[in-house]
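Survey of secondary and tertiary structure
Residues per chain, in single letters:
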Amino acid sequence: MTSESSSPSQGAGTRQEGLLHANEALRRILDRCSVIRETERLPLDCALGHVLADDVIAPRDVPPRDNSAMDGYALRAADLPPSGSGVLRLTGRVLAGDPAGSVVAPGECVRIMTGAPIPDGADTVVMREQADEADDFVRIGPGHRPGANIRRRGEDLRVGEGVLARGRRLRPADLGLIASLGLPAVRAFRRPRVALFSTGDELCALGDSPRSGQIFDSNRYSLRGLLEGLGTEIQDLGILPDDPEQLRSTLRESARSADVVLSSGGVSVGDADHVTQVLAELGQVAFWKIAIKPGRPLAFGTLGDRTLFFGLPGNPVAAMVTFIRFVRPALHRIAGQGPEEPLTFEVPCLDALHKAPGRSEFQRGILQRDGSGRLCVGVTGGQGSGMLHSMSQANCLIVLEHDRGPVAAGETVTVQPLPGAW
Ligand code: AMP
Ligand code: MG
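Predicted model only: the values in this text are computed from it and were never measured.

Okay, unusual backbone geometry next. Cis geometry is adopted by the peptide bond preceding Pro 63, which originates at Val 62 and carries an omega value of -10°. Turning to its location among the elements, Pro 63 is positioned in the loop between strand S4 (56-57) and strand S5 (67-68).

Here we take up helix H2 (residues 172-180). Every buried residue of H2 is accounted for by Asp 174, Leu 175 and Ile 178. Buried residues in H2, looked at end-on, bunch into an arc of 100°, giving them a common side. Summarising the geometry of H2, the exposed residues directed more than 90 degrees from the buried face are Pro 172 and Ala 173. On the buried face of H2, the contacting elements are S4, strand S13 (162-164) and strand S14 (185-189). One or two positions beyond H2, positive phi appears at Gly 182, with a value near 80°.

Here six strands make up an open sheet; going across it, the order is S18-S15-S19-S23-S22-S20 and the pairing mixed. Where the open sheet ends on each side, the last strands, each with one partner, are strand S18 (233-240) and strand S20 (283-289). With strand direction ignored, the average angle separating the axes of adjacent strands in the sheet is 15°. In the sheet, S20 pairs with strand S22 (residues 297-303) via seven bridges, with the strands oriented antiparallel. Within the sheet, the bridge partner assigned to Phe 287 lies in S22 and is Ala 299.

Quick look at the site of ligand 1 now. Among the 15 residues in the neighbourhood of ligand 1, the closest are listed as Glu 202, Asp 217, Ser 218, Gly 266 and Gly 314. Residue Glu 202 places a side-chain N or O atom 2.5 Å away from an oxygen atom belonging to ligand 1. Between ligand 1 and Gly 266, the relevant distance is 2.8 Å, taken from an oxygen atom to a main-chain nitrogen or oxygen of the residue. Protein chains bury 77% of the 480 Å² of accessible surface belonging to ligand 1 in isolation. Across the shell around ligand 1, the residue classes break down as four nonpolar, nine polar and two charged.

What follows deals with the domain arrangement of the protein chain. Assigned domains of the protein chain: these are domain 1 (16-38 + 197-334), domain 2 (39-62 + 155-189), domain 3 (67-151) and domain 4 (345-417). The straight-line distance from the C-alpha centre of domain 2 to that of domain 4 is 38 Å.

One can find Thr 250 in helix H4 (residues 244-257). You can call Thr 250 buried: its relative accessible area is 16%. A polar contact is formed between the side chain of Thr 250 and the backbone oxygen of Gln 246, at a distance of 2.8 Å. Residues in contact with Thr 250, not counting those within four places in the same chain, are Phe 197, Leu 237 and Leu 240.

Taken in spatial order, the six strands line up as S9-S6-S8-S7-S11-S10 in an open sheet, and their pairing is mixed. Of all the strands in the sheet, the pair left with one neighbour each is strand S9 (124-127) and strand S10 (131-134). Along the sheet, successive strands turn relative to each other by an average axial angle of 35°, direction set aside. Here strand S7 (residues 86-94) runs beside strand S11 (residues 137-140); their pairing, made up of four bridges, is antiparallel. The residue bridging Gly 86 from the neighbouring strand is Ile 140, located in S11.

Bringing the nonpolar core into the picture now. Core analysis: the biggest nonpolar cluster contains 41 residues, and Ile 29, Leu 262, Trp 288, Phe 310, Phe 323 and Phe 326 have the highest contact counts within it. For this core, the leading source of residues is helix H6 (residues 316-334), giving ten residues. With residues near it in sequence (within four places) discarded, Phe 310 still touches Ile 29, Val 260, Val 261, Leu 262, Ser 263, Ala 299, Phe 300, Phe 326, Val 327 and Ala 330. Counting 16 residues, the second-largest nonpolar core is a separate cluster that includes Leu 44, Val 56, Ala 58 and Ala 188.

The rules behind these values
- Residues numbered from 1 in each chain as written.
- Chains lettered and ligands numbered in written order.
- Predicted model: local features only at pLDDT ≥ 70, side-chain atom pairs only at ≥ 80, totals over all residues.
- Heavy atoms only, no water.
- Helix = DSSP H or I, 4+ residues; strand = E, 2+ residues; numbered from the N terminus.
- Buried < 20%, exposed > 50% of the residue type's maximum accessible area, 1.4 Å probe, protein only.
- Arc of directions from axis to C-beta.
- Contact = heavy atoms within 4.5 Å.
- Pairing = 2+ DSSP bridges.
- Axes fitted to C-alpha atoms, helices over the stretch in contact; angles between N-to-C directions.
- Near = heavy atom within 4 Å.
- Polar contact = N/O pair within 3.5 Å; in protein donor to acceptor, adjacent residues only side chain to side chain.
- Areas by Shrake-Rupley, 256 points an atom, 1.4 Å probe, with all protein chains shown as cover.
- Nonpolar A, V, L, I, M, F, W, Y, C, P; charged D, E, K, R; others polar.
- Domains from an automatic or database assignment.
- Core = buried A, V, L, I, M, F, W, Y, C linked by side-chain atoms within 4.5 Å.

Written out as structure tokens, the structure is:
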């Protein structure tokens, strides 16, 4: 489970001045998440980023037979003196792809290429650079090691071995590993379907001319980027005005097909903030003021039987931070991925930071090396929750725990790498 290192207290103690502890909010969200049941068989070349629904068990050894790790000479170590050089008769050569079955008899060697099967009788490969070939004889220089330069059958994977577990999100190396086993397809969970929209009368779509008082809708693009990084299927519903009727019909409609509905804006207590009220009419709502900066208001609930709804705050940085802290772990769980703590580091902070105890704060940081090569973090410039530039400059979030006070320059802080920044 994603959480800060300081665990939340339970019961009444989780609220401070009516605010919910960020860890408690996450715990409640994860409690409502259930794994998608449908699975699909996918050709391996379409499987990147999908989550395995079955364990992958090795059906064969990899490599399938002993083979050479070098271009050189395959020989019997007993034919050479323990130190000093020796001369062997060259009787042939084996290339990668040649069938197994050639033989090295006592006093002989064969020229062998990387990946070629080790001939029967041979137990050692000596690098080409350590030998001199003349006519049909090879002088092997000193310093050979018996058994050297052979990749053993099954040294990478053994038949029957569990290679990857159900719940694994497939990475490039995993695809190669599965291919090395000769498996052309895998069974994966269906990807989560996420419906995404922005709300606000002030929002102008890209390509349109903004009227006076309008700004461009940026949240849909940053949130799409974060969703794409998670391998979700995105249904982009565009921009909705601050109109309860349109919100109602969009939520009703999207709940039919989506696993998760994600909106930004309209969750505060302003005159044009209708998301929470409409959600309460159509489903079950939990509206939280979370003890977190940026991102205090968050609407969370269910629509219909099983669709989860997240109403993120409209401020562009707050929308991204709340996505990373709350929506991302929820999508991991829904997608069938095993529990995963976000990767964090403890590093010295170059800057002094304002921080009041009683809320979790996420500042935008740049993880870097100082003059002596030590990892450290500095804050980006403007930290306002509307300043998306800081998010773009940052490569990590500086996680300031709930109970923590101000940070002096040089103090250790926790950082969480930003998705997509590495
Ligand atoms: P709201 O949560 O609707 O009160 O919005 C808070 C602030 O975020 C306001 O300044 C909005 O104009 C801004 N905002 C809301 N949605 C977006 C969006 N999709 N793109 C950029 N800014 C937004
Ligand atoms: Mg608004």
